[in-house]
Amino acid sequence: MERARFLSDDWFGLNLEAASGWRERPGVDCSANYEVTGAPDGKVRYHTVIRDGRLVEMALGKLADAEVGIVYKYADARAEVAGGEHPDLAYMSGRMKLEGEYARWVYGLRPLLDSPEYGAFRSTLAEYTDF
């Protein structure tokens, strides 16, 4: 696995590679648009698509029909990736804002977000991401 700069195209590829071993979880689905404000290169917008518990798409740009919107300040997004803090803590503390069908993220992704696979994925991102 190669190192990648946070929020770059290579970093989105790193996410896809690191998540490639996630097992299928039927019905664990969510599409999300992310907005990271205050990044070194300005505001960054990207999206993810999780289908049946697998990360199937992650790239720059917004989806027209995303179920959830997620907004971070750059420092908070960076701290989550670098420090390994679970996204639930960022949400509960107000450092991550959820818009739209937030229950889809908070409750619908629980089988994935609470899995050992997801913990290993987050550790891999922390190890291979350059800031």
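Residues numbered from 1 in each chain as written. Predicted model: local features only at pLDDT ≥ 70, side-chain atom pairs only at ≥ 80, totals over all residues. Heavy atoms only, no water.

*Asks:* In this structure, what is going on with unusual backbone geometry? I would like to understand it.
*Replies:* The general pattern is negative phi for most residues beyond glycine and trans for most peptide bonds. Despite not being glycine, Leu7 shows a phi value in the positive range, around 70°. Take Leu7: it is sitting in the loop between β1 (4-5) and α1 (9-18). Of note, the phi angle at Asp52 is positive, near 50°, even though the residue is not glycine. Within the fold, Asp52 resides in the loop between β3 (44-51) and β4 (54-60). (Helix = DSSP H or I, 4+ residues; strand = E, 2+ residues; numbered from the N terminus.)

*Asks:* Where do I start with the sheet that holds strand β6 (residues 96-100) in this structure?
*Replies:* If you walk across this open sheet you meet the five strands as β4-β3-β2-β5-β6, and the pairing is mixed. Two strands lie at the open edges of the sheet, namely β4 and β6, each paired on one side alone. Each strand axis lies, on average, 20° off the axis of its neighbour in the sheet, ignoring direction. The pairing of strand β5 (residues 68-73) with β6 spans five bridges and is antiparallel. Bridged to Gly69 within β6 is Glu99. α1 rests against β3 and β4 of the sheet, and its axis sits at about 180° to β4. With respect to the sheet, helix α2 (residues 74-83) is in contact with β2 (30-37) and β5, its orientation differing from that of β5 by roughly 95°. (Pairing = 2+ DSSP bridges. Axes fitted to C-alpha atoms, helices over the stretch in contact; angles between N-to-C directions. Contact = heavy atoms within 4.5 Å.)

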